[in-house]
Amino acid sequence: NAEYGKQWYQRRVRGAVLSITMWWLFDRTVSGLIVGVSSTLVFISVSQFFVYQGFASYKKPDFFFIRSWIPSLIFSAVITFGTIGRQLSAFIMKPGSCD
């Protein structure tokens, strides 16, 4: 059982490091980091509420009653969509791009 605890910790740290690395490679804005972290915290809170109320459950929860990879996925999705949105708005706002 100690080996499972070690694996859980390693997965959690790996997910956090990969998320921060993705932010550093693709975004590097403080606002992107704040939005990513706050969106992830909101998702965890809502997910915990649903689990606590009995509306949802996870087969093998290992991090705050959810799977440990889900917060990393949410954070990465927020960073990805923020970067895509910024690129689209820069493209649309260019003079002559709507001709």
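Residues numbered from 1 in each chain as written. Predicted model: local features only at pLDDT ≥ 70, side-chain atom pairs only at ≥ 80, totals over all residues. Heavy atoms only, no water.

Draft legend 1. Examining the overall build of the chain more closely. Helix and strand counts for the chain stand at three helices and zero strands. Moving toward the C terminus, one meets the helices and strands of the chain in the order α-α-α. Looking at the chain as a whole, 20% of its 99 residues are labelled buried. Of the contacts formed within the chain by residues at least 6 apart in sequence, a portion of 57% connects residues at least 24 apart. When the accessible surface of the chain is split by element, carbon and sulfur atoms take 70% of a total near 7,500 Å². (Helix = DSSP H or I, 4+ residues; strand = E, 2+ residues; numbered from the N terminus. Buried < 20%, exposed > 50% of the residue type's maximum accessible area, 1.4 Å probe, protein only. Contact = heavy atoms within 4.5 Å. Areas by Shrake-Rupley, 256 points an atom, 1.4 Å probe, with all protein chains shown as cover.)

Draft legend 2. Here's a closer look at the side chain of Ser 72. Relative to the helices and strands, Ser 72 is located in helix H3 (residues 69-92). Of note is the side chain of Ser 72, whose polar atom sits 3.2 Å from the backbone oxygen of Gly 15. Here Ser 72 is in contact with Gly 15, Ala 16 and Ser 19, once residues within four sequence places are set aside. (Polar contact = N/O pair within 3.5 Å; in protein donor to acceptor, adjacent residues only side chain to side chain.)

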